[in-house]
Amino acid sequence: MPAARIAPLVLATTTSQALLVVLAPTVVAVAAELRTSVAVAGQARTVTAGVAVVVSLLLTRRVEAVGVPRLLRGGAALTIGVSGAVAIAPNLVVFLLAHVLVGVALAALLTAGFAGVAGFSGHDRAWAIGHVAGANALAWIIVNPLAGTVTEWLSWRAAHAVPAALAVATLILGHRLRPGRQQADVPLRALVADRNARRWIGAELLAYGCWTALLTFVGAFFIQTLAVDAATAGWLLAAGAAAFFAASTRSGRLVARVARRRLVAAAAVAMAALGLALLAVRLGMVPAVVLFCLVGVAAGVRTPVSSGLALELLPGQAGAMMALRSAVTQLGYLLGAAVGGALLAVWGYAALGVMVAVGMTVSGLLILRVREPSTRP
């Protein structure tokens, strides 16, 4: 049954994001106990993303040969071990070094989750990738408040049991996956040699950079501009994540009616307009929250449909393309947070809104130049 086959892939993707999300509600407690600043402790996120980019690029060559089941189980097993390593870290150096392995586990799980969708076909594939992409939001909806509660009641160290528990479930359900036919290694240059793949990479990098810039600072925007408290801001972020999940899991219905590249472009332009209105126009709390949820809906459509397009671009190399997707995602996270933070520091939220608007619009234009396999001569 499709539901039984998709469950380990959804869990793998949720677990990969849990490795990132768990830092958000724990970083203040980590900094206090390890006697450092929040900014320095937060560099664990940078370490994780940087390593994930490198490992994902390496996986583009080997994912087809290794296979999704082995990659998923290996990533889950590593997550269990590394969650324990982070939890018992006696000082900042060990804490940051442990996040090197967190990056490896994240790359393996995220790549396995999306590459596993290649085993579906037709309408089932669109349905499956919508749920796998939606799993990114599940981590924000479930893991964030749960880890925060555990941190408050027990400690930040105990909070790392949350991604570890998800990894255990992933490992158990991962045995349902059957290995596919092993294929030869795929060199990275074989992927970037394709013009359509290069255009997709550029569009995806821009989109993830802008989406990350918005997500990174929208909580602060709510607090500083709308004068809400931190707890309320957390619930508002969860509302946006819920909107993303609802749209992502239903995006498969749109694929049957609209060409993927047009759908991705339309969603990107919608994110551009909505993001600009949210950050650059001073609105009340209710309109701002509605706009943020609508951005979540547009992102929930764009993300799975764009990933589905990548699966179709190079037949027989879907796994390698999903490994490349993991690398592009993490690189977008790094660049988006850095550039967005710089713009915010110098020119404020309006400049951040302009960045989102321009970047998402260019992303949409780039994706329109990608020729889907069905339309190629």
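Residues numbered from 1 in each chain as written. Predicted model: local features only at pLDDT ≥ 70, side-chain atom pairs only at ≥ 80, totals over all residues. Heavy atoms only, no water.

Undergrad: Break down the layout of surface pockets for me, citing the residues and quoting the values.
TA: The volume enclosed by the largest pocket comes to roughly 1,700 Å³. Lining the largest pocket we find 47 residues, and of these Ala24, Trp140, Asn144, Leu215 and Leu237 sit closest to its centre. Mapped by element, the contributors of at least two residues to the lining of the largest pocket are α1 (2-21), α2 (23-33), α4 (43-66), α7 (122-153), α11 (195-226), α12 (230-248), α15 (285-313) and α16 (318-347). In terms of residues, the lining of the largest pocket owes the most to one element, α12, which gives 10 residues. Residue composition of the lining of the largest pocket, grouped by class: 31 nonpolar, 14 polar and two charged. (1 Å grid on protein atoms, 1.4 Å probe; cavity = no way out; pocket = protein on both sides within 12 Å on 5 of 7 lines; lining within 4 Å. Points joined across faces, edges and corners; volume = space filled by probe spheres on them. Helix = DSSP H or I, 4+ residues; strand = E, 2+ residues; numbered from the N terminus. Nonpolar A, V, L, I, M, F, W, Y, C, P; charged D, E, K, R; others polar.)

Undergrad: Could you give an account of the environment of Thr225, with specific residues and numbers?
TA: In this structure, Thr225 sits in helix α11. Remark: the alpha-carbon pair of Thr225 and Leu205, spanning 20 residues in sequence, is separated by 29 Å. Residues contacting Thr225, with those up to four places away along its chain left out, are Ala220, Arg282 and Tyr349. (Contact = heavy atoms within 4.5 Å.)

Undergrad: Can you tell me about the packing of helix α14 (residues 260-280) against α15, naming the residues and giving the values?
TA: One way to put it is that α14 packs onto α15 with a least axis distance of 8 Å and a crossing angle of 155°. When the interaxial angle is binned, α14 and α15 end up roughly antiparallel. Of the two elements, α14 crosses α15, and the hand of that crossing is left-handed. Its residues assigned to classes, the contact of α14 with α15 shows 19 nonpolar, three polar and four charged. (Axes fitted to C-alpha atoms, helices over the stretch in contact; angles between N-to-C directions. Parallel < 35°, antiparallel > 145°, perpendicular 65-115°, else oblique. Left-handed = near helix turned anticlockwise from the far one by under 90°.)

Undergrad: An account of helix α17 (residues 349-368) is requested, with residue identities and associated values reported.
TA: Along its 20 residues, α17 runs 29 Å from first to last C-alpha, staying within 8% of the 28 Å computed at 1.5 Å per residue. Along α17, the residues that are buried comprise Tyr349, Ala351, Leu352, Gly353, Met355, Val356, Ala357, Gly359, Met360, Ser363, Gly364 and Ile367. (Expected span 1.5 Å × (residues − 1). Buried < 20%, exposed > 50% of the residue type's maximum accessible area, 1.4 Å probe, protein only.)

Undergrad: Describe α2, naming the residues involved and giving the relevant values.
TA: Residues of α2 that are buried: Leu23, Thr26, Val27, Val30 and Ala31. The buried residues of α2 occupy one face: seen down the axis, they fall within an arc of 145°. Facing away from the buried side of α2 by more than 90 degrees, the exposed set consists of Val28 and Ala32. Positioned one or two residues after α2, Arg35 has a phi angle of 60°, which is positive. (Arc of directions from axis to C-beta.)

Undergrad: Quick one: what's the story with unusual backbone geometry, residue by residue and with numbers?
TA: In this structure, Arg35 takes a positive phi of about 60° despite not being glycine. With a phi angle near 60°, Ala227 is a residue other than glycine that sits in the positive phi range. On the basis of relative accessible area, Ala227 is assigned to the exposed category, the value being 67%.

All quantities given are derived from atomic positions and should not be read as evidence of function.
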